[in-house]
Every structure is written in structure tokens, then in C-alpha cells.
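Close look at the chain arrangement
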Amino acid sequence: MPSLRTLKSFIAVARQGSFAAAAAEVSLTQAAVSLQMRNLEQELKRELFDRSSRVAQLNAAGQALLPWAERMLALDAELHEELRSAALRVDPLRGAYRIGAVVSAVAPLAHAVVALKQRHAGLELKLVSAKSGELSAMVAAGQLDAAVLVRDSRRPPAGLGWTALYEEPLVLLAPSGSRAGLSRLLESEPFLRFDRSERTGALVERALRQLKVPVHDFLELNSIEALVELVRQRVGVALLPRLRRARWEQDLTLRVLPLPSPELTRSVGLLFRREARGPLTEAIAQEFAQQQA
């Protein structure tokens, strides 16, 4: 069967009436086009051109071949267009991924994952929960594709990227009914501290240094919800990031006091391997942005 390239040259010769003009159209030399036409005639075992004329004019066999050749090229173009369209229709969000999150971000990440899976049937996501430092190490080691975690003061390790998702300002939580101001509450009430070995605990410690208020440590936990519950039970007060889905202001058992320094906030974002950055990390960030809207 003639090659598509040969048929393209044949059609060009028929249209131009000259091997030289056809060669210019298909970006070949005249000699190459002439060789293609001779090979085409040998393959079909018939002459295709009227060689009694100085013009490259098709004979009856050539005239019969021309619509067939044009149909073949049209079908080839149609096939390539269909393949290109099919490639564009393939969902880029497909495959299996492992995404991590700190405990306080598991719920919003789960909501984002559910929304993504509803729109992308070929997407498989497994969620892992751990501390921010552990998640960062897992992303760096390639054990996770990305993780929603608390940013520390250092720059991301080499090869890792960061996309900020939301900010959570530090607030003082006190039992409802308390009337004292922020400094007085910190000085007089038992202090319920978040784990100082964690990034959130380090932020709390920085806030206390800025406030220059002595506190009476009562206990130290690595759970925001557990500390909130202890405040509800009137055990003490706590400096905590105001979780973006929390409704503490509407909680009749709590009193929420903002800090005087607005820059004391916890930054939560998506840590990812730069080489793995793509539609998934962008889609997760977009879902978080829509949740905030």
C-alpha cells in the first residue's frame, strides 16, 4: 500500500502540474518526488501520468487514483484530530496518591478530597494524619505526594514547594463568664499549653514572649480539641490558633479574646515535591480556596 507521504506528493503533482512545484509544496527535492512517483507506479503496476506532455498530467489511471488518495489523507487527518481530542479529554486527575494532614486539617482536606473524587472518578486518594514535622519528612522522602501542615519559620527543604492555604490567628480561650483582660487571665489562671516540641507550640511560646506575661503551666498536650474541652470545663486558659472551622464565638461555654499582635498567626499550607507538582496540588489548593469563599 502506498505511504501517506507518497500519496501527499502525488496529490501535489496533480494539483501543481509539475514535479518541481509539487516538490516545493511538500518540502522535498524534485528528484525525490520523481522517485516517489516512479515507485508508486511500480507498486500499482500501472502508469499514472501522460508522459507525452511536458506537463505532469494525470492519465486515466491517475485520475482514478486521485480521489482515493485524497480520501486516504482526509481519513488520516481525521484520525489524528480524533486522537488529539481524545488526549485532551483524558482526565489529568487520575491515579493513586497519598496525601497527609495535621489533625486540625483532616476535616477540610477530607471535604476537598470528596469534592475532587466526585468530579474525577479515576482519582484515588489515601489520607494520612501525623504531626507537621513528621509529614514534612515524609514528603521529603517521597512517602507522601503532598501534605497539609503548619509552616515553620524555616524555608522548605530543597526540592519541596509550598502553597499557602489559610491563616489561623492565635487567640486566648477562657471559660465563659470570666471578666478579666487577656494579661490578667494569663497571669492568674492555670495555663493549658500546646506541646512546645511542635510548630504550633513554638508559635504559642513566641506569643508569650511578645506579651511578656508570666504564666502558670498546668499541663501540656498535643491536641487542640482536648485543650479546648479543658477550657470548657473551666480547668484553665489556653493560647490556641483559631481553627478555621471552629465556632468558638458561638460556644456559650467559651470566651474568645484576640491577641494585640495581628502577626501572631499560624500558617497552614500544602507542602509538595516540586517534581510532583501538577493538577492534583493545584486542585487541592483551589478546593481549600472555595471552602473559604
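Residues numbered from 1 in each chain as written. Predicted model: local features only at pLDDT ≥ 70, side-chain atom pairs only at ≥ 80, totals over all residues. Heavy atoms only, no water.

**Considering the overall build of the protein**
Looking only at helices and strands, the protein has 10 helices and 11 strands in total. Projected onto its principal axes, the C-alpha positions of the protein cover 115 × 35 × 30 Å. Burial analysis of the protein (293 residues in total) assigns 43% to the buried set. Partitioning the contacts of the protein with sequence separation of at least 6, the portion at a separation of at least 24 is 74%. About 16000 Å² of surface is accessible on the protein, with carbon and sulfur atoms providing 53% of the total. Separation between the mean location of the 39 positive side-chain charges and that of the 32 negative ones in the protein comes to 2 Å. (Helix = DSSP H or I, 4+ residues; strand = E, 2+ residues; numbered from the N terminus. Buried < 20%, exposed > 50% of the residue type's maximum accessible area, 1.4 Å probe, protein only. Contact = heavy atoms within 4.5 Å. Areas by Shrake-Rupley, 256 points an atom, 1.4 Å probe, with all protein chains shown as cover. Lys, Arg positive; Asp, Glu negative; His and termini not counted. Charge placed at Lys NZ, Arg CZ, Asp CG, Glu CD.)

**Details of the nonpolar core**
Residues Leu109, Val148, Ile284 and Phe288 are the most contacted members of the largest nonpolar core, which totals 35 residues. Only β3 (95-101), α5 (103-119), β4 (123-129), α6 (132-140), β5 (146-150), β6 (160-175), β11 (265-273) and α10 (279-292) provide two or more residues apiece to this core. With sequence-adjacent residues up to four places away left out, Leu109 is seen in contact with Ile99, Gly100, Ala101, Leu127, Val148, Ile284 and Phe288. Formed by 20 residues, the second largest nonpolar core is a distinct cluster that contains Leu7, Leu40, Ala56 and Met72. (Core = buried A, V, L, I, M, F, W, Y, C linked by side-chain atoms within 4.5 Å.)

**Overview of the pattern of salt bridges**
Tallying each qualifying case throughout the model produces 11 salt bridges. Note that Arg193 and Asp217 form a salt bridge whose closest N and O atoms lie 2.8 Å from each other. Placement of the pair is Arg193 in strand β7 (residues 190-194) and Asp217 in strand β8 (residues 216-221), with a sequence separation of 24 residues. Classification of Arg193 as buried rests on a relative accessible area of 3%. Assessed through its relative accessible area of 42%, Asp217 is described here as partly exposed. Residue Arg232 pairs with Glu229 through a salt bridge whose shortest N-O separation is 3.2 Å. With Arg232 and Glu229 both in helix α9 (residues 224-232) and three residues apart, this pair spans about one turn of that helix. Among the charged side chains, a network of salt bridges with common partners joins Arg193, Glu205 and Asp217. (Salt bridge = Lys/Arg side-chain N within 4 Å of Asp/Glu carboxyl O.)

**Some words on the pairing of β11**
Counting buried residues along β11, seven of its nine residues qualify, which places the element largely inside the surrounding structure. Summarising the sheet, β5 and β11 pair through five bridges and their orientation is antiparallel. Residue pairing for β11: Val150 is matched across the bridge by Val268. Here β6 runs beside β11; their pairing, made up of nine bridges, is antiparallel. Bridged to Leu160 within β11 is Arg273. (Pairing = 2+ DSSP bridges.)

**A look at the packing of helix α1 (residues 4-16) against helix α3 (residues 30-44)**
Where α1 meets α3, the axes come as close as 10 Å, and the angle between the chain directions of the two elements is 105°. By the angle between their axes, α1 is roughly perpendicular relative to α3. Where α1 approaches α3, its residues Arg5, Thr6, Ser9, Phe10 and Val13 are matched on the opposing element by Val33, Gln36, Met37 and Leu40. Taken together, the residues of the contact of α1 with α3 sort by class into five nonpolar, three polar and one charged. (Axes fitted to C-alpha atoms, helices over the stretch in contact; angles between N-to-C directions. Parallel < 35°, antiparallel > 145°, perpendicular 65-115°, else oblique. Nonpolar A, V, L, I, M, F, W, Y, C, P; charged D, E, K, R; others polar.)

**A few points about the environment of Leu135**
Along the polypeptide, Leu135 turns up in helix α6. Distance from Leu135 to Leu240, taken between C-alpha atoms, is 21 Å for residues 105 residues apart in sequence. Those residues in contact with Leu135 that sit more than four places away from it in its chain are Gly100, Ala101, Val102, Val128, Ala130, Leu144, Ala147, Val148 and Leu149.

Read these as layout, nothing more, since geometry by itself doesn't imply function.
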